[in-house]
Amino acid sequence: MQKTIVITGGAGFIGSHVVREFVVKYSHYRIVNLDVLTYAGNLENLRDIEDKENYTFVKQDIRDFDGVLSLFRALKPDAVIHLAAESHVDRSISDPTSFVTTNVLGTVNLLNAVREVWAGNYAGKLFHHVSTDEVYGTLGDVGLFTEETSYDPHSPYSASKAASDHFVRAYHDTYGLPIVITNCSNNYGPNHFPEKLIPLCIHNILNNKPLPIYGDGKFTRDWLYVVDHARAIDLVFHGGRHGESYNVGGFNEWQNIDLVKELCRQMDEKLGRRAGTSAQLITFVKDRPGHDLRYAIDATKINRELGYTPTVTFEEGLSHTIDWYLANPDWLANVTSGAYQSYYEQQYK
Ligand code: NAD
Ligand code: DAU
């Protein structure tokens, strides 16, 4: 094996697609998936590649510095691609502290561990931090987030991600640690946990339950198919300039209400329901506190420097996503039993 790469959060939604991208494409890399398996971590996401020779899973909490350090001493990683995080904005509103311990302290633990094992020998080393466009705050009706946009987070989630980005950059500027950061817009696709808008609505349509739309539904997000995000991470990991950030987006803005109506339309077609049936489930509910109005990414830099463009259109991506959930009822049933039920009760009561 030419390189050992630790991918944190590899059992989660995006992490599992990144692990697959690297394991399949780079058989000469040893890929170690480091994940503590919270409610959002699911090894089912990786069944198709778990027997590959260049793949290993290690259960480890990034909040436990001693555990991370002794693992890194044993593995001697050449690189870390860091995705492990608490990722859901609504959960950060009810439990902000766990976002600080995992997203901020956990990131600092990883930075300290690589500093210690790399011991100033940074040739061929890289810490790739996977972050979000939410660090930039909110846009009005026009404009796009560029890499120069000032950070202005509004939720405990985005504040914790912003803090982690600052630490990663500070370790580059202070200790010379080789780093890159990617700030991506909203992902969707297979294996998305049904607390997030798209899979939550798919699950509720299947069960004829209300589709909860926060506020007036005019909030806007820029949606990217998850495999296109994994490709962007691959490109930046291999070709990004160290010390730099790269925005990743889909050039694909949707107001929530329009997106959910399109989802309903496609689901009615696929389920053989009369047109308009699922849209009757749409229910406007109390708004999310601190709700950012609009996110939209200017992805010119990654396009210009690394030739990146998304390959999957929203129509194809959404259709493929729905098909995946229809073909995987057991996956959906497993993740929506138990603790999910009490989360749902609490959040949407
Ligand atoms: P997710 O919630 O689906 O997965 C997170 C993973 O991290 C899970 O497997 C979980 O078990 C693991 N994890 C959580 N706490 C941990 C800990 N203390 N130690 C070890 N592992 C831990 O998240 P996601 O949506 O796949 O997001 C992955 C990353 O990408 C996050 O850093 C997120 O901020 C970022 N991001 C997400 C999106 C999006 O649309 N989902 C967009 C841009 C950036
Ligand atoms: O922009 C990138 C971010 O996208 C990531 O950093 C986060 O990890 C990821 O969770 C996502 O954050 P959002 O808050 O944008 O995603 P979510 O799916 O929770 O919500 C999308 C939009 O839909 C948002 O405007 C809130 C709204 N919404 C969400 C839920 C769960 C609803 O109207 N009803 C809902 O029930």
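Look above for the structure.
Criteria and cut-off values
Residues numbered from 1 in each chain as written. Chains lettered and ligands numbered in written order. Predicted model: local features only at pLDDT ≥ 70, side-chain atom pairs only at ≥ 80, totals over all residues. Heavy atoms only, no water. Buried < 20%, exposed > 50% of the residue type's maximum accessible area, 1.4 Å probe, protein only. Helix = DSSP H or I, 4+ residues; strand = E, 2+ residues; numbered from the N terminus. Arc of directions from axis to C-beta. 1 Å grid on protein atoms, 1.4 Å probe; cavity = no way out; pocket = protein on both sides within 12 Å on 5 of 7 lines; lining within 4 Å. Points joined across faces, edges and corners; volume = space filled by probe spheres on them. Pairing = 2+ DSSP bridges. Near = heavy atom within 4 Å. Polar contact = N/O pair within 3.5 Å; in protein donor to acceptor, adjacent residues only side chain to side chain. Areas by Shrake-Rupley, 256 points an atom, 1.4 Å probe, with all protein chains shown as cover. Nonpolar A, V, L, I, M, F, W, Y, C, P; charged D, E, K, R; others polar. Lys, Arg positive; Asp, Glu negative; His and termini not counted. Salt bridge = Lys/Arg side-chain N within 4 Å of Asp/Glu carboxyl O. Contact = heavy atoms within 4.5 Å. Right-handed = clockwise from strand over helix to strand, strands pointing away.

J.: Give me the lowdown on helix 12 (residues 339–348), citing residues and values where you can.
T.: Three or more residues of helix 12 are buried, namely Tyr 340, Tyr 343 and Tyr 344. Across the axial projection of helix 12, the buried residues extend over an arc of 100°, all falling on one side. Those residues of helix 12 that are exposed and aimed more than 90 degrees away from the buried face are Glu 345 and Gln 346.

J.: Which residues make up empty space enclosed by the protein, and what values do they have?
T.: The gaps left among the atoms become clear once a water-sized probe is rolled over them. In this structure the tally under the stated criterion is three cavities of 30 Å³ or more. Put simply, the second largest cavity is a space of about 40 Å³. For the second largest cavity, the full set of lining residues is Val 89, Glu 134, Ser 155, Arg 221, Arg 288, Gly 290, His 291, Asp 292 and Tyr 295.

J.: Run through the pairing of strand 4 (residues 79–82), naming residues and quoting values.
T.: Both faces of strand 4 are covered, namely the face carrying Ala 79 and Ile 81 and the face carrying Val 80 and His 82. With four bridges connecting them, strand 1 (residues 3–8) and strand 4 associate as parallel partners. Within strand 4, the residue paired with Ile 5 across the bridge is Ala 79. Sheet topology note: the strand 4/strand 5 (residues 126–132) ladder contains four bridges and is parallel. Counterpart to His 82 in the pairing with strand 5 is His 129.

J.: Provide a residue-level description of the site of ligand 1, including the pertinent values.
T.: Taken together, 29 residues surround ligand 1, and among them Ile 14, Asp 35, Ser 87, Tyr 157 and Lys 161 come closest. With respect to ligand 1, the backbone of Leu 83 contributes an N or O atom lying 2.9 Å from an oxygen atom. The side chain of Lys 161 places a nitrogen or oxygen atom 2.7 Å from an oxygen atom of ligand 1. Considering ligand 1 on its own, with 840 Å² of exposed area, one finds that the protein chains cover 97% of that surface. Every element with two or more residues in the shell around ligand 1 is listed here: helix 1 (13–25), strand 5, helix 5 (156–175) and strand 7 (186–188). Per-class residue counts for the shell around ligand 1 are 13 nonpolar, twelve polar and four charged.

J.: Just give me the short version of the side chain of Lys 125, but keep the residues and values in it.
T.: Mapped onto the fold, Lys 125 is located in the loop between helix 4 (96–118) and strand 5. Put simply, Lys 125 is tucked away with no salt bridge, and the nearest opposite charge, on Asp 78, sits 4.3 Å away. Not counting the four nearest positions on each side in its chain, Lys 125 is found in contact with Pro 77, Asp 78, Trp 118, Pro 178 and His 242.

J.: How would you explain the site of ligand 2 if you had to name every residue and give the values?
T.: In the vicinity of ligand 2 lie 24 residues, with Thr 132, Asp 133, Tyr 157, Arg 288 and Tyr 348 positioned nearest. At a separation of 2.8 Å, an oxygen atom of ligand 2 approaches a polar side-chain atom of Arg 221. Contact with the protein chains covers 94% of the free accessible surface of ligand 2, which is 690 Å². Elements represented by at least two residues in the shell around ligand 2 include exactly helix 3 (89–94) and strand 8 (211–214). In terms of residues, the shell around ligand 2 owes the most to one element, strand 8, which gives three residues. Among the residues forming the shell around ligand 2, the class breakdown is ten nonpolar, seven polar and seven charged.

J.: Tell me about the pairing of strand 2 (residues 29–35), and please be specific about residues and values.
T.: Among the seven residues that make up strand 2, six are buried, leaving the element largely enclosed by the rest of the structure. Relative to strand 2, strand 1 is paired through six bridges, and the arrangement is parallel. Each bridged residue has a counterpart across the sheet, and for Thr 4 the counterpart in strand 2 is Arg 30. As a crossover connection, the stretch from strand 1 through helix 1 into strand 2 is right-handed. Pairing of strand 2 with strand 3 (residues 55–59), which is carried by five bridges, proceeds in the parallel orientation. Note that in strand 3 the partner of Asn 33 across the bridge is Phe 57.

The analysis is restricted to geometry; functional conclusions fall outside its scope.
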